[in-house]
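Below, each chain spelled out in residue letters.
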Amino acid sequence: MLKLAVLGIRGFLLLFGAVVLGLSVTLAKQQVEGAPPAETSFGSFCGAFGILVSLIGIAALFIDKIPSIVPMGADGLATALYLAGAIALTVALKSVPSCTSDDSESNYQRAINKLLTGGCGTLADKTYCPGLPDDLSELKGRCQRVQADYVFEYLAFVFGVAVVALTFFYNKSKGSRSAAYNGLKWSRAIRMNQIQVIGTHNPYHRESPLEAREAFELDLFADPEGGKYATSLVIRNSGTELPLQDAMNKPGVKVLHKWSHEHPNHVPILFMLEFKTPETGTGGGAPPIPWNDSELLDDLDAEIRSVFSPSQLITADDVRRDNGTLDQSTSKYEWPDLDLARGRVLFFNGAGRPNLEGRVIFTNSKPGYDDCAFQKLNDPRNGTDLENIWRQVRAGYWVRTRADKLLTTILRNDTTSMRDSVFASGAQIVSTEFPTYRLTSRWHVDYAARFDVGIAVRCNPIIGKDDCVNTLLEPEDCLRN
């Protein structure tokens with residue numbers, strides 16, 4: 001709404017500038033003797049400058065590379081010039097009692113006013129004015145043009161003040177797009193939530209293709225003292241030996257950190273974290289420790305930050321704007337540009353403070369809650385569920401859903417309807433048990449949740465931009481290595 005108001009006022013200012021320029025040039029052309037009065041020339045300059053400023057202001061509404069301070073500064077200057085020009089013309093015409101009256105005083109003042117005579121000179125100690133028309137009634141028209149000139153300059157001044165104020169509030173409402181938050185930017189470019197990726201529900205599969213590397217799901221077990229899960233149930237029941245300690249010490253997340261560092265232009269990598277609790281069970285293994293201790297969550301944040309620097313993360317503090325809540329910020333400003341989010345990682349499904357201040361992980365929340373920026377909608381069973389996903393995506397939230405269910409999908413006759421429906425729903429993260437056909441071929445089923453061959457990420461089918469091209473989203477080197 002503010003943008004339309006600014007655009008409308010700038011349209012009027014463009015018109016006013018053209019009128020002022022036209023009137024001032026017409027008044028200047030009537031000059032026969034000497035140079036046009038300074039007031040008239042200044043009016044021509046004000047009109048031309050006002051037109052230029054209006055065009056810059058209109059362009060700035062659609063071109064993010066123009067800093068907001070440029071049109072605002074130019075508007076302020078043009079507004080001051082219009083006021084100065086209007087006052088100058090008003091003062092110069094003040095001696096004329098009336099532009100239309102036929103009384104002797106009005107006729108006399110019109111005949112000697114420098115704005116109306118067309119210029120006067122001196123010859124043999126006598127003043128002559130070759131620009132005066134034979135019919136002095138024509139001076140009424142010239143006088144009215146001067147009045148119209150300064151009236152439009154006053155109007156331009158009033159509208160100029162309005163456009164400066166509205167532009168200020170407009171820039172404030174859109175969060176000053178030229179400002180950066182932890183190196184992130186908000187503009188009309190492709191946003192980081194205007195994509196769709198396939199995530200692997202079980203990333204340990206050897207068969208998982210590179211195309212499924214954009215989103216991972218990790219199960220987290222709290223072990224503040226260490227050693228609780230040192231002996232796995234599988235090893236104990238099978239009678240096999242424990243792996244060498246060196247093997248257990250090999251980096252996990254840090255391997256991905258190295259890959260990310262070597263491929264800084266990759267689209268954001270998304271981590272879905274599953275906090276294992278006693279309620280989730282372990283099939284007979286050591287019972288998980290509840291994640292109901294803020295100290296455990298603090299330790300997890302610290303662990304993530306020990307691997308990824310602030311410039312490699314996108315957190316709630318980066319997305320939250322203008323002292324608003326996370327929910328308000330994503331609804332109002334949406335998410336940062338994709339290009340400046342490249343090379344970073346996000347963590348979803350955490351828990352913590354009401355507005356996630358200082359937290360690394362985005363929570364699985366509900367619309368309207370302060371911490372809501374992400375929703376896990378895992379059960380797209382019918383049209384109502386799919387419509388809800390579509391609605392939440394359009395509202396600016398990240399949504400994670402499932403393309404299939406282990407065994408249930410491949411053992412039924414219809415293996416692809418759920419996958420195809422969630423692909424079309426616009427959910428940004430589509431999790432699958434089967435990122436490759438090799439995982440289902442053992443059941444003699446030809447099924448996998450994949451985009452076109454070689455595409456790791458694609459334009460979002462619901463909120464993707466018209467100029468988005470699937471093959472340009474992820475650099476080729478990220479797919480090869």
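Structure's up top.
These figures come from a predicted structure and were not determined experimentally.

Can you explain the side chain of Ser 425? Please cite residues and give values.
Residue placement: Ser 425 occurs in helix α14 (residues 417-425). Given a relative accessible area of 4%, Ser 425 falls into the buried group. Only 2.7 Å separates the side chain of Ser 425 from the backbone oxygen of Val 422, close enough to count as a polar contact. Discounting residues that sit within four places of it in the chain, Ser 425 has contacts with Leu 386, Ile 389, Trp 390, Val 393 and Ile 462.

A description of the packing of aromatic side chains should follow, citing residues and the corresponding values.
Within this structure, the stated rule accounts for 17 aromatic pairs. Measuring from centroid to centroid gives 6.1 Å for Trp 335 and Trp 398, while their planes differ by 85 degrees, and the two rings are edge-to-face. Pair noted here: Trp 335 is in the loop between α11 (326-333) and α12 (338-341) and Trp 398 is in strand β9 (residues 398-402), with a separation of 63 residues, a long-range link. Ring centres 6.0 Å apart and planes at 80 degrees place the aromatic pair Phe 434 and Tyr 447 in the edge-to-face group. Separated by 13 residues along the polypeptide, Phe 434 in the loop between β10 (429-432) and α15 (438-441) and Tyr 447 in the loop between α15 and β11 (457-459) bring together distant segments of the chain. Owing to a relative accessible area of 0%, Tyr 447 belongs among the buried residues under this scheme. An aromatic cluster is present here, built from Trp 335, Phe 348, Phe 362, Phe 374 and Trp 398 joined pairwise through their rings. Over the ring of Trp 186 we find Arg 321; its NZ or CZ atom is 4.0 Å from the centre of that ring. Its guanidinium or amino end placed over the ring of Tyr 333, Arg 321 lies 4.7 Å from that ring's centre, counting from NZ or CZ.

Cut-offs and rules
- Residues numbered from 1 in each chain as written.
- Predicted model: local features only at pLDDT ≥ 70, side-chain atom pairs only at ≥ 80, totals over all residues.
- Heavy atoms only, no water.
- Helix = DSSP H or I, 4+ residues; strand = E, 2+ residues; numbered from the N terminus.
- Buried < 20%, exposed > 50% of the residue type's maximum accessible area, 1.4 Å probe, protein only.
- Polar contact = N/O pair within 3.5 Å; in protein donor to acceptor, adjacent residues only side chain to side chain.
- Contact = heavy atoms within 4.5 Å.
- Phe/Tyr/Trp six-rings, centres within 6.5 Å; stacked < 30°, edge-to-face > 60°.
- Lys NZ or Arg CZ within 6 Å of the ring centre and 35° of its normal.

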